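Here is how the chains run, residue by residue.
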Amino acid sequence: MDFRDAAEDAAFRETVRAWLESEVPRLGPAPDKLEERVEWWRPWQRRLYEAGYAGLAWPREYGGRGASVLQQAIFYEECDRAGAPDRLDVIGAGFAGPTLIEHGTAAQKTRFLDRILTGEDLWCQLFSEPGAGSDLAALTTRATRDGEGWRIEGQKVWTSAAQVAEYAILLARTGEGERHRGISFFILPMRQPGVDVRPLRQMLGGAEFNEVFLDGAHVPGDLLVGQLGGGWKVAMSTLGYERAAIATGRVNTLRLLDELIALVRDARGADGLPLGRDAFVRQRLAELYTRMTLQRLTGKRILSTLAEGGAPGPEASTAKLFTTPLVEEICDFALSVIGIEGQEEPADTDPARAKWLRLAYQARGTSIAGGTTFIQRNILAERVLGMPRD
Ligand SMILES: Cc1cc2nc3c(=O)[nH]c(=O)nc-3n(C[C@H](O)[C@H](O)[C@H](O)COP(=O)(O)OP(=O)(O)OC[C@H]3O[C@@H](n4cnc5c(N)ncnc54)[C@H](O)[C@@H]3O)c2cc1C
């Protein structure tokens, strides 16, 4: 397999790089608080839309560019390199939108897809519940008939960005009997009575995910996606898009490692000598570099599979298992180089330093979100090693 950019991908990279170099510096620093970041991000998303960079891999008929997943990944790589804003639309553009393209009605597509790409609507994902995370089919939130629509009762948890989302993709139980067949997939308007979003405070003070209490929330009749009772099938597509978004998204370890190397180059040890001369430090950097290279090559393999129309198999689990601890270790190493100042409240310290502590904490969350480390190991044990099913 040739891991270099093909000629047309290299040309695309050049164009994107030049565009980002002129656009990103105008933006200024990202606000810390999610609500403020959303308002700062919306005009950026609009710029992406106008320049033809929103929904890169979406089909043209739905406002996308019909680009390959490889070009989409190149775009995010270049965004990372240029320090472009984080993707706040990852649920909408990354997996709710593609799910609607696959399973939505014509009216749902017309109503929602364009507004995702322009950044007018942000989306969240109401799947996980206190008793249904890894075992998603155990969910108990219920949707009962209410005139033309449905009335929703239940509780969701860990809902990223629910406090700023206009719409949610929601899984709720509509039938009795078999676990999987009794689940339906809905679009829930978030700004209505009966939807109570309670932020969960994180270790560093921010609140990016929430508990969501649904007490008589209303879903109009035309916002069921797919068949009544057929929500599991729709949700499986969503989770497939989620995995692809994780595999092709912005966990750019190359950039992180470059920044770590720059940090080490400037640092001195307790003995006053350059830290980069320390044999242990050099070996550790070499080891992280080797793992980073393997991680990138695995990512390229997944992208090539997707580009050829295939679905990533166990390598998506391998990639997640491999990337999560790598990011954690790069961040932990950077914090040990910075020393005690790296432990300061991010708001009180130099943003370049604060970034490492934030990323180190985020990396813990990544080991859980999108299928925990243990679940990925189970998948590999069953599908690669042929162990009996869990
Ligand atoms: C940062 C972050 C953002 C998230 N955002 C969203 C969101 O926007 N929307 C949403 O719906 N959800 C979201 N989630 C929830 C996430 O999908 C769940 O946390 C995840 O599916 C794990 O479920 P759980 O927390 O219920 O843990 P559980 O499933 O209860 O697992 C607890 C522990 O037991 C282990 N375990 C469970 N089953 C097995 C098994 N069969 N074999 C071995 N070990 C097992 C797990 O690995 C874990 O260590 C988010 C989570 C995080 C951390």
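1. Quick word on the overall build of the protein chain
Part 1 of the argument: In terms of helices and strands, the protein chain carries eleven helices and eight strands.
Part 2 of the argument: Here the protein chain has a C-alpha radius of gyration of 22 Å; the compact-globule value for 390 residues is 21 Å, and the two agree.
Part 3 of the argument: If you line up the protein chain on its principal axes, its C-alpha atoms span 75 × 50 × 40 Å.
Part 4 of the argument: Contacts in the protein chain between residues far apart in sequence, at least 24 positions, make up 70% of those at least 6 positions apart.
Part 5 of the argument: For the protein chain, the accessible surface area stands at approximately 19500 Å², while carbon and sulfur atoms represent 53% of it.

2. Digging into the packing of helix α9 (residues 314–338) against helix α11 (residues 373–383)
Part 1 of the argument: Between α9 and α11, the least distance of the axes is 9 Å, while the angle of their chain directions is 145°. Between α9 and α11 the crossing geometry is left-handed. Where α9 approaches α11, its residues P314, S317, T318, K320 and L321 are matched on the opposing element by T373, Q376, R377, I379, L380 and R383.

3. What about the side chain of R284?
Part 1 of the argument: Tracing the backbone through its elements, the reader meets R284 in helix α8 (residues 279–307).
Part 2 of the argument: Separated by 2.9 Å, the side chains of R284 and E329 make a polar contact.
Part 3 of the argument: Among residues more than four places away in sequence, those in contact with R284 are R291, E329 and F333.

4. Quick word on the pattern of salt bridges
Part 1 of the argument: For the coordinates displayed, the defined rule picks out 31 salt bridges.
Part 2 of the argument: Between R42 and E39 there is a salt bridge, and its shortest N-O distance comes to 3.7 Å. Residue R42 and its partner E39 are located together in helix α2 (residues 34–50), separated by three residues, close to a single helical turn.
Part 3 of the argument: Overall, R42 belongs to the buried group, its relative accessible area being 18%.
Part 4 of the argument: E166 serves as the salt-bridge partner of R42, at 3.4 Å between the closest nitrogen and oxygen. You can see R42 sitting in helix α2 and its partner E166 sitting in the loop between β3 (149–160) and β4 (167–173), a full 124 residues away along the chain.

5. Digging into the packing of aromatic side chains
Part 1 of the argument: In total, this model carries ten aromatic pairs according to the counting rule given.
Part 2 of the argument: Geometrically, the ring pair formed by F112 and W123 is edge-to-face, given 5.4 Å between the ring centres and 85° between the ring planes. With F112 in helix α5 (residues 106–118) and W123 in strand β1 (residues 123–126), this pair connects stretches of sequence that are eleven residues apart.
Part 3 of the argument: Through a chain of ring-to-ring contacts, the aromatic side chains of W19, W44, Y53, F75 and Y76 assemble into a single cluster.
Part 4 of the argument: Cation over ring: R198 sits above F213, and NZ or CZ is 3.9 Å from the ring centre.
Part 5 of the argument: Stacked on the ring of W356, the Lys or Arg K355 has its end atom at 5.2 Å from the ring centre.

6. Re the site of the ligand
Part 1 of the argument: Around the ligand sit 17 residues, and of these S128, S134, W158, T372 and D390 come closest.
Part 2 of the argument: In this structure, S128 approaches the ligand through a side-chain N or O atom, which is 2.8 Å from a nitrogen atom.
Part 3 of the argument: The fraction of the free accessible surface of the ligand (970 Å²) that becomes covered by protein chains is 67%.
Part 4 of the argument: Residue composition of the shell around the ligand, by class: seven nonpolar, nine polar and one charged.

7. Considerations on the environment of Y361
Part 1 of the argument: Examined against the element boundaries, Y361 turns out to sit in helix α10 (residues 351–366).
Part 2 of the argument: Relative accessible area serves as the criterion here: at 33%, Y361 is assigned to the partly exposed category.
Part 3 of the argument: Not counting chain neighbours up to four residues away, the residues in contact with Y361 comprise M203 and L204.

8. Digging into the state of the cysteines
Part 1 of the argument: The tally for this structure, following the rule as stated, stands at zero disulfides.
Part 2 of the argument: Residue C331 stays outside any disulfide, its sulfur separated by 20 Å from that of C79, the closest cysteine.

9. Describing the pairing of β4
For a regular strand, side chains alternate in direction, first toward one face of the sheet and then toward the other.
Part 1 of the argument: Counting buried positions over the seven residues of β4 gives seven, a clear majority of the element.
Part 2 of the argument: Of the two faces of β4, the one lined by Y167, I169, L171 and R173 and the one lined by A168, L170 and A172 are each fully buried.
Part 3 of the argument: Bridge analysis of β1 against β4 gives four bridges, and the strand direction is parallel. Across the sheet, residue Q125 finds its bridge partner in β4, namely I169.

10. Here's the deal with the nonpolar core
Part 1 of the argument: Grouped together as the largest cluster of nonpolar side chains are 51 residues, with contacts concentrated most on W123, I152, L188 and M190.
Part 2 of the argument: Filtering out sequence-adjacent residues up to four positions away, I152 remains in contact with T141, R142, A143, L170, L188, L214, D215, G216, A217 and V219.

11. A short note on the environment of D135
Part 1 of the argument: Relative to the assigned elements, D135 resides in the loop between β1 and β2 (142–146).
Part 2 of the argument: Owing to a relative accessible area of 37%, D135 belongs among the partly exposed residues under this scheme.
Part 3 of the argument: At 2.8 Å, the side chain of D135 forms a polar contact with the side chain of R179.

12. Some details on α8
Part 1 of the argument: For α8, with 29 residues, the first-to-last C-alpha span of 42 Å sits near the 42 Å given by 1.5 Å per residue.
Part 2 of the argument: Two residues or fewer past α8, G309 is found with a positive phi of approximately 90°.

13. Describing the packing of helix α1 (residues 7–23) against α2
When two helices pack together, their arrangement is given by the angle between the helix axes and by the axis-to-axis distance.
Part 1 of the argument: Two elements in contact, α1 and α2, have axes separated by 13 Å at closest approach and are oriented at 145°. Here α1 and α2 pass one another in a crossing that is right-handed. Judged by residue contacts, W19, L20 and E23 of α1 engage W44, R47 and L48 from α2.
Part 2 of the argument: Here the contact of α1 with α2 is built from residues that sort into four nonpolar, no polar and two charged.

Rules of the game
Residues numbered from 1 in each chain as written. Predicted model: local features only at pLDDT ≥ 70, side-chain atom pairs only at ≥ 80, totals over all residues. Heavy atoms only, no water. Helix = DSSP H or I, 4+ residues; strand = E, 2+ residues; numbered from the N terminus. Rg over C-alpha atoms; globule rule 2.2 N^0.38 Å. Contact = heavy atoms within 4.5 Å. Areas by Shrake-Rupley, 256 points an atom, 1.4 Å probe, with all protein chains shown as cover. Axes fitted to C-alpha atoms, helices over the stretch in contact; angles between N-to-C directions. Left-handed = near helix turned anticlockwise from the far one by under 90°. Polar contact = N/O pair within 3.5 Å; in protein donor to acceptor, adjacent residues only side chain to side chain. Salt bridge = Lys/Arg side-chain N within 4 Å of Asp/Glu carboxyl O. Buried < 20%, exposed > 50% of the residue type's maximum accessible area, 1.4 Å probe, protein only. Phe/Tyr/Trp six-rings, centres within 6.5 Å; stacked < 30°, edge-to-face > 60°. Lys NZ or Arg CZ within 6 Å of the ring centre and 35° of its normal. Near = heavy atom within 4 Å. Nonpolar A, V, L, I, M, F, W, Y, C, P; charged D, E, K, R; others polar. Disulfide = S-S within 2.5 Å. Pairing = 2+ DSSP bridges. Core = buried A, V, L, I, M, F, W, Y, C linked by side-chain atoms within 4.5 Å. Expected span 1.5 Å × (residues − 1).

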